[in-house]
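Residue-level structural notes
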Protein chains: 2
Amino acid sequence: MRTVDVCLSPDMMHLYDISERTVVIVDILRATSCMVTAFAHGVDHIVPHANLESCRAMKAEGYITSGERNGEKVDGFDKGNSPFEYMQGVKGNKIAFTTTNGTQAIDKSLRAREIIIGSFLNLSSVAQHLLHGSNSVLILCAGWKGKINLEDSIFAGALVNKIRSQILPECDAPLAAAHLYETAKGDMTGFMASASHVQRLRRLDVTKDIAFCLSEDKYDVVPFLDGRNQLTIDKTRVPRGNWQ
Amino acid sequence: MRTVDVCLSPDMMHLYDISERTVVIVDILRATSCMVTAFAHGVDHIVPHANLESCRAMKAEGYITSGERNGEKVDGFDKGNSPFEYMQGVKGNKIAFTTTNGTQAIDKSLRAREIIIGSFLNLSSVAQHLLHGSNSVLILCAGWKGKINLEDSIFAGALVNKIRSQILPECDAPLAAAHLYETAKGDMTGFMASASHVQRLRRLDVTKDIAFCLSEDKYDVVPFLDGRNQLTIDKTRVPRGNWQ
């Protein structure tokens with residue numbers, strides 16, 4: 001029987017054997033929401049960078065440089081961390097992307113059999129991908145500097161609920177996340193109003209971004225990491241070496 | 001303003017500066033519930049041992065040896081991990097105690113200004129102790145082998161709710177825990193029925209223990225770690241070196 005577990009913080013990744021699992025990377029506010037939006041608008045591929053300066057250097061190779069540190073756009077980068085920036089000017093282009101938490105979560109998942117990108121924007125498509133696959137699943141919440149956050153946790157719960165009829169929750173984290181989603185889903189914006197990251201972002205005046213990032217099923221793309229550690233939706237790409 | 005944060009697993013303790021905080025150790029099923037029960041029934045002090053063999057060696061020094069590994073009593077030990085075992089034969093005695101998760105959580109908290117023992121059994125007394133004190137608070141859930149569990153998380157939420165009027169939740173973990181407690185509190189046993197540790201314990205036939213460990217405010221003791229790393233409720237004991 002396949003199982004789904006939830007890792008609420010990248011700082012707990014040492015507890016999980018992911019060699020046979022599909023890992024779903026989640027950074028709702030706002031890295032994975034931006035990535036999904038970019039693929040829905042035709043970006044060719046995205047290279048995630050945990051390191052800011054290696055990301056910046058990709059500009060010389062024709063990449064759009066994107067990302068944030070502590071919720072704010074990086075000086076000299078082409079784009080920041082608002083999904084609305086990824087609705088134009090990306091078609092056919094390639095992006096180098098770095099964020100405080102999201103790309104670090106990808107870096108900690110490189111031993112996985114498969115790595116895909118999840119957000120509320122592509123929730124049902126991610127669920128369908130997992131249900132049609134054959135792997136067990138780990139949902140990895142990027143959190144905030146190692147601590148858990150509400151938005152990634154409730155997304156994990158939403159995804160657990162979409163797949164639990166066929167992929168069984170393992171341990172208590174998927175149950176806790178599912179309970180949180182059930183509490184939140186009637187009024188996502190209200191539920192999130194107290195969240196610490198929303199408080200942080202409110203100072204940056206991105207209320208519109210938050211409402212968008214909490215919207216379900218705007219897009220049907222399922223970005224995955226290919227054999228060159230590039231995110232793509234092009235299934236003809238060379239898969240990662242440890243894929244079957 | 002004082003704050004309360006929640007560490008959902010000892011594997012995340014590196015994220016928290018506890019040097020000025022009171023740490024509340026939580027291992028509802030069943031270490032901290034047993035410890036609180038023992039103090040309510042007159043035990044003199046308890047020495048927590050992360051290591052099983054060092055715990056066993058305390059027998060020669062007149063200690064009652066207690067604890068479990070993987071939910072089961074240790075061969076040759078005097079008592080196991082059921083709170084009902086700590087209602088008789090403990091008055092005036094001293095106990096050496098080791099468990100899979102609870103005593104390890106204490107070991108990871110030794111830099112704290114103050115360490116106290118929390119359970120549903122002494123929930124309101126712990127809340128009163130924190131409210132009457134002057135420290136910020138970290139509630140440390142012992143979890144299960146590094147992963148989070150439902151019972152410790154909902155206790156954290158119950159305690160956050162008792163103190164949040166004066167000690168403010170910090171980051172999202174206290175908010176998540178409080179939401180979980182609100183979902184659970186109407187039917188704690190039903191909420192916990194799906195929890196993985198309850199499933200584990202059900203195999204050991206300890207339904208009565210679980211119901212007891214989820215009962216609020218049976219006792220009014222607040223055990224704390226003294227200057228010799230012994231748990232006590234005797235306030236005349238030498239305090240820990242870094243206490244004010």
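Residues numbered from 1 in each chain as written. Chains lettered and ligands numbered in written order. Predicted model: local features only at pLDDT ≥ 70, side-chain atom pairs only at ≥ 80, totals over all residues.

1. Here's the deal with the overall build of chain A
The condition is simple: Secondary structure elements are taken from DSSP: a helix is a run of H or I of four residues or more, a strand is a run of E of two residues or more, and numbering for both begins at the N terminus. Throughout, the radius of gyration refers to the C-alpha atoms, and the reference size of a globule is 2.2 Å times the residue count to the power 0.38. Any residue whose C-beta has 12 or fewer other C-beta atoms within 10 Å is treated as exposed, any with 20 or more as buried, and any in between as partly exposed, C-beta atoms being built from the backbone. Working definition of a contact: two residues with C-beta atoms, positioned from the backbone, lying within 7 Å.
When its secondary structure is counted, chain A shows nine helices and 11 strands. The C-alpha radius of gyration of chain A comes to 16 Å, within 12% of the 18 Å expected for a compact globule of 244 residues. Seen along its three principal axes, the alpha-carbon backbone of chain A occupies a region of about 45 × 45 × 30 Å. Here chain A holds 244 residues, and 56% of them are scored as buried. Taking all contacts inside chain A whose residues are at least 6 apart in sequence as the whole, residues at least 24 apart take part in 77%.

2. With respect to helix α1 (residues 31–40) of chain B
Among the 10 residues that make up α1(B), 10 are buried, leaving the element largely enclosed by the rest of the structure. Among the residues making up α1(B), those that are buried are Ala31(B), Thr32(B), Ser33(B), Cys34(B), Met35(B), Val36(B), Thr37(B), Ala38(B), Phe39(B) and Ala40(B).

3. Side note on the packing of helix α5 (residues 150–163) of chain B against helix α6 (residues 173–184) of chain B
The relative placement of two packed helices is expressed as an angle between their axes plus a distance between the axes. All names here are of chain B. Filter applied, for reference: Think of each axis as a best-fit line through the C-alpha atoms, taken over the contacting stretch in the case of a helix, with angles from 0 to 180 degrees between the N-to-C directions. Any angle between 65 and 115 degrees counts as roughly perpendicular, while under 35 counts as roughly parallel, over 145 as roughly antiparallel, and the rest as oblique. Asp, Glu, Lys and Arg are counted as charged, while Ala, Val, Leu, Ile, Met, Phe, Trp, Tyr, Cys and Pro are counted as nonpolar; the rest, among them Gly, fall into the polar class.
Where α5 meets α6, the closest approach of the two axes is 7 Å, and the angle between their N-to-C directions is 100°. Between α5 and α6, the interaxial angle falls into the category roughly perpendicular. Between α5, through Ser153, Ile154, Ala156, Gly157, Ala158, Val160 and Asn161, and α6, the contact on the second element is made entirely by Pro174, Ala177, Ala178, His179, Leu180, Tyr181 and Ala184. Across the contact of α5 with α6, the residue classes break down as 10 nonpolar, four polar and no charged.

4. A closer look at the interface of chain B and chain A
Accessible area lost on assembly of the parts is the figure often given for the size of an interface. Of the residues lining the interface, 22 residues belong to chain B; the matching set on chain A comes to 22 residues. Counting residues per element, the side of chain B that touches chain A draws most heavily on α6(B), which supplies six residues. Across the side of chain B that touches chain A, the residue classes break down as 11 nonpolar, eight polar and three charged.

5. A few points about the nonpolar core
To keep things clear, this is the line we draw: Remark: nonpolar core denotes a set of buried Ala, Val, Leu, Ile, Met, Phe, Trp, Tyr and Cys residues whose joining runs through C-beta atoms within 7 Å.
In terms of nonpolar packing, the biggest core is built from 164 residues, with Ile139(A), Leu159(A), Ile139(B) and Leu159(B) touching the most fellow members. Here Leu159(A) is in contact with Val24(A), Gly118(A), Leu123(A), Val126(A), Ala127(A) and Ile139(A), once residues within four sequence places are set aside.

6. Examining the relation of the copies chain B and chain A
Put simply, the rule is: Here the copies are matched by least squares. The fit uses the C-alpha atoms of residues with pLDDT of at least 70 in both.
Expressed as a screw transformation, the operator carrying chain B onto chain A has a rotation angle of 180° and an axial translation of 0.0 Å, and the superposed copies differ by an RMSD of 0.0 Å. Taken together, the rotation and translation relating the two chain copies correspond to the operation of a two-fold axis. The overlap is high: 100% of the interface residues of chain B also sit at the interface in chain A, so the same surface is used on both sides.

7. Brief notes about the pairing of strand β6 (residues 94–98) of chain B
Residues and elements named next belong to chain B. The condition is simple: Two strands qualify as a pair provided that DSSP identifies no fewer than 2 bridges between them.
Across the five residues that make up β6, a large majority, four, are buried. The sheet contact formed by strand β3 (residues 45–48) and β6 spans four bridges and is parallel. Following the sheet pairing, isoleucine 46 is matched in β6 by isoleucine 95. Of the strand pairs in this sheet, strand β4 (residues 64–69) and β6 are connected by four bridges, and their pairing is parallel. By the bridge assignment for β6, isoleucine 64 is matched with isoleucine 95.

8. A closer look at the confidence of the model for chain A
To keep things clear, this is the line we draw: Every residue is assigned a pLDDT by the predictor, reflecting its confidence on a scale from 0 to 100.
Across chain A, pLDDT averages 93, with 98% of residues at or above 70. Reported for the predicted complex are a pTM of 0.95 and an ipTM of 0.93.

9. Topic: the environment of Tyr16(B)
Residue and element names in this part refer to chain B. Structurally, the position occupied by tyrosine 16 is in the loop between β1 (3–7) and β2 (21–26). Looking at tyrosine 16, the number of C-beta atoms within 10 Å reads 21, which means it is buried. Separated by 208 residues in sequence, tyrosine 16 and phenylalanine 224 have C-alpha atoms that sit 20 Å apart. Dropping the residues within four chain positions of it, tyrosine 16 is found in contact with Asp5, Cys7 and Leu138.

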